[in-house]
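# Notes for the structure review
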Amino acid sequence: MRLTVNGRARRVDAAHHWTLLRLLRDVLALTGAKVGCDRGECGACTVAVDGQPVYACQMLAMQARGKEVVTVEGLASEEGLHPVQRAFLEEDAGQCGYCTPGFVMAAYALLLRNPSPTEGEIREALAGNLCRCNAYGRILEGVKAATGKMDSRPRPSRGQALRGNDGEGCG
Amino acid sequence: MNPFEFVEPESLEEAVSLLTKEPGRAEVIAGGTDLLSELKDGLRRPERLVSLMGVEELGGVRWERDRVWLGASLTLGSLAEDERLSGEYPILAQAARSIATTQIRSVATLGGNLCQRPRCWYYRHPGFPCYKKGGVHCYGVNGYNRNLAILGHGASVMVHPSDMAPALIAMDARLESFGPRGRRTMALEDFFAGPNEQQMQEHVLERGEIVTGVFVSKPPSDARSVFLKAQDRTGEDFALASVAASASVSDGAVTRARMILGGVAPVPYRSQKAEEYLVGQAVKEVESSKAAELALCHARPLRHNGFKVILTKNLVRHAIETILKQ
Ligand SMILES: Cc1cc2nc3c(=O)[nH]c(=O)nc-3n(C[C@H](O)[C@H](O)[C@H](O)COP(=O)(O)OP(=O)(O)OC[C@H]3O[C@@H](n4cnc5c(N)ncnc54)[C@H](O)[C@@H]3O)c2cc1C
Ligand code: FES
Ligand code: FES
């Protein structure tokens, strides 16, 4: 199947019953999206598909055929970290960090749709991500710090290769 | 997950023929947000998944003169964010917005929401061969039944988990489907089937029949409506109870009322007693607590869910007060 991952067109062999999360982690070696509940409840596996935040554990790889997938590895560019990543670092928006890629991707997808969300909109958009360390307060500050900063940085689009930690050894 | 073949036909006819070719071996997949959990837990082991996402005609919103058609593949996210829909049918956007999380709503479809399977923990647990999985026993009857039915239970005390269903029924929506015998429409209310009518599904679709969309008539200009939902935690919990209420008022009196309860019975529960009480009443004389008592007059709570009766009454009261003030 073909899909675009972090700006790069890929051709991969995927079994029909694999989830998108399995494809990303086990074949493309993009381990930023984490395995948490594996049931669409915790958000650790959040990635963007065609700009929409989705749980990669609750979607088949085949359902992402022909689509544009962005994982946390695709956010940073040669110019450095993505504004959402930078804001999370500056605001110390995490503790153990397990949930962080998921939160970053949920925040990224929110800011794509709505560059200046209200606090209520941020809370609603992040309600699908759980943090076992209870760092919610800091995470909220991180997203607030990133609001209004995304315009300068368009999301990776087809053909625009971003150098991320893109895995090897696949189609 | 057991291996299966994933096919994505481009036409409805093809989808139906793929589903009927080897009956029992193929299942429909729309967004997959519910189905994948069942597959991961081995509750179903289809050999083929027939995806509807390649069938273009199932997507989108179509505005007609006196009604709107919502495609089965419309995502709950698009439904919640569609400005015209939110303006003309606020109850639908309220219900859609209350469902699950942003990530689920990006993918979950309207058709999948109406056809989703029970969320009862005994049903979802691979270790319980419960009635809804073809067994003889509903473990909810004597087990831990805090979240289960207070009304209308039969062979199973499951509750129907859909939030879109009550909201749509309150708007007198009609369901459109396509199957081996062609296209048909029915009142959405008649689409749902309780455990005594259907053991292994919660609707009346035939093998190979697919939900294609939902029609909702334009509400009269004097109509008002609201969707309310009680959850343990807002965010991603299913409804402990929900209420979808709509009414028309003219010359200070209620002329039409719908009171649909979700999360309390195996099918979306229409409380006709409450509706009958409301119709013909002068708005000023409506006693919302009386309507709430009537709405729940058939309630038979189980060992752990008596609180749901009180909770639902309060929602009904609140819903009536809200719409009569609109
Ligand atoms: C964490 C979480 C929280 C949730 N909270 C809520 C909630 O609060 N309220 C609520 O209402 N729902 C809730 N849901 C359920 C969610 O709304 C459903 O999973 C979703 O709507 C299903 O849509 P789908 O397109 O993903 O369906 P799928 O998972 O693809 O399909 C669901 C079922 O319907 C069948 N099906 C799908 N489409 C059709 C069709 N067109 N014709 C015939 N059969 C079809 C499939 O065979 C399958 O059995 C929650 C889900 C999760 C994971
Ligand atoms: S791992 Fe996907 S939501 Fe928890
Ligand atoms: S920082 Fe540890 S789970 Fe969120």
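As a starting point, this report considers the structure included with it. (Residues numbered from 1 in each chain as written. Chains lettered and ligands numbered in written order. Predicted model: local features only at pLDDT ≥ 70, side-chain atom pairs only at ≥ 80, totals over all residues. Heavy atoms only, no water.)

With that settled, the discussion passes to the overall build of chain B. The secondary structure content of chain B amounts to 13 helices and 12 strands. Taken over C-alpha atoms, the radius of gyration comes to 19 Å for chain B, in line with the 20 Å a tight globule of 326 residues would show. Dimensions along the principal axes, computed over C-alpha positions, put chain B at roughly 60 × 50 × 35 Å. Counting the 326 residues in chain B, one finds 57% classified as buried. Taking the intrachain contacts of chain B between residues at least 6 apart in sequence as the baseline, contacts between residues at least 24 apart amount to 65%. Of the roughly 13,400 Å² of accessible surface on chain B, a fraction of 48% belongs to carbon and sulfur atoms. (Helix = DSSP H or I, 4+ residues; strand = E, 2+ residues; numbered from the N terminus. Rg over C-alpha atoms; globule rule 2.2 N^0.38 Å. Buried < 20%, exposed > 50% of the residue type's maximum accessible area, 1.4 Å probe, protein only. Contact = heavy atoms within 4.5 Å. Areas by Shrake-Rupley, 256 points an atom, 1.4 Å probe, with all protein chains shown as cover.)

The next thing to look at is the sheet that holds strand 3 (residues 48-51) of chain B. Residues and elements named next belong to chain B. A sheet is described by the order of its strands in space; here three strands give the open sequence 1-3-2, paired in parallel fashion. Strands with a single pairing partner mark the edges of an open sheet, and in this sheet they are strand 1 (5-7) and strand 2 (26-29). Neighbouring strand axes in the sheet, compared pairwise and without regard to direction, differ in orientation by 25° on average. Here four bridges tie strand 2 to strand 3, and the two strands are oriented parallel to one another. What sits directly across from Ala26, in strand 3, is Arg48. Its contacts with the sheet put helix 1 (residues 12-21) on strand 1, strand 2 and strand 3, and the angle it makes with strand 3 is roughly 165°. (Pairing = 2+ DSSP bridges. Axes fitted to C-alpha atoms, helices over the stretch in contact; angles between N-to-C directions.)

Here we take up the interface of chain B and chain A. Taken together, the 27 residues of chain B in the interface contact 26 residues of chain A. Three residues, B:Phe6, B:Lys40 and B:Gln103, lead the burial of chain B against chain A; their summed loss comes to 30% of the area buried on that side. For the pair chain B and chain A, the number of links is four salt bridges. Across the pair B:Arg105 and A:Glu124 runs a salt bridge whose closest N-O atoms are separated by 3.5 Å. The tally of links between chain B and chain A comes to 15 residue pairs in polar contact (both at pLDDT 80 or more). Going through the elements one at a time, strand 1, helix 2 (35-40) and helix 6 (102-105) of chain B are the ones with two or more residues in the side of chain B that touches chain A. Its residues placed into classes, the side of chain B that touches chain A shows 10 nonpolar, 10 polar and seven charged. (Buried area = accessible area lost by both parts, 1.4 Å probe. Salt bridge = Lys/Arg side-chain N within 4 Å of Asp/Glu carboxyl O. Polar contact = N/O pair within 3.5 Å; in protein donor to acceptor, adjacent residues only side chain to side chain. Nonpolar A, V, L, I, M, F, W, Y, C, P; charged D, E, K, R; others polar.)

Around ligand 1, the surrounding shell holds 35 residues, and the nearest of these are B:Val28, B:Thr33, B:Arg44, B:Thr109 and B:Asp163. Each of chains A and B places residues near ligand 1. Here an oxygen atom of ligand 1 sits 2.6 Å away from a polar atom, N or O, in the side chain of B:Thr33. The contact in question runs from an oxygen atom of ligand 1 to an N or O atom on the side chain of B:Lys229, over 2.9 Å. Surface burial for ligand 1 is 97%, taken as the share of its 980 Å² of free accessible area covered by protein chains. Mapped by element, the contributors of at least two residues to the shell around ligand 1 are strand 2, helix 7 (110-115) and strand 8 (210-217) of chain B. For the shell around ligand 1, the per-class residue count stands at 17 nonpolar, 10 polar and eight charged. The residues that make up the shell around ligand 1 include at least three from each of domain 1 (1-50) and domain 2 (223-325) of chain B. (Near = heavy atom within 4 Å. Domains from an automatic or database assignment.)

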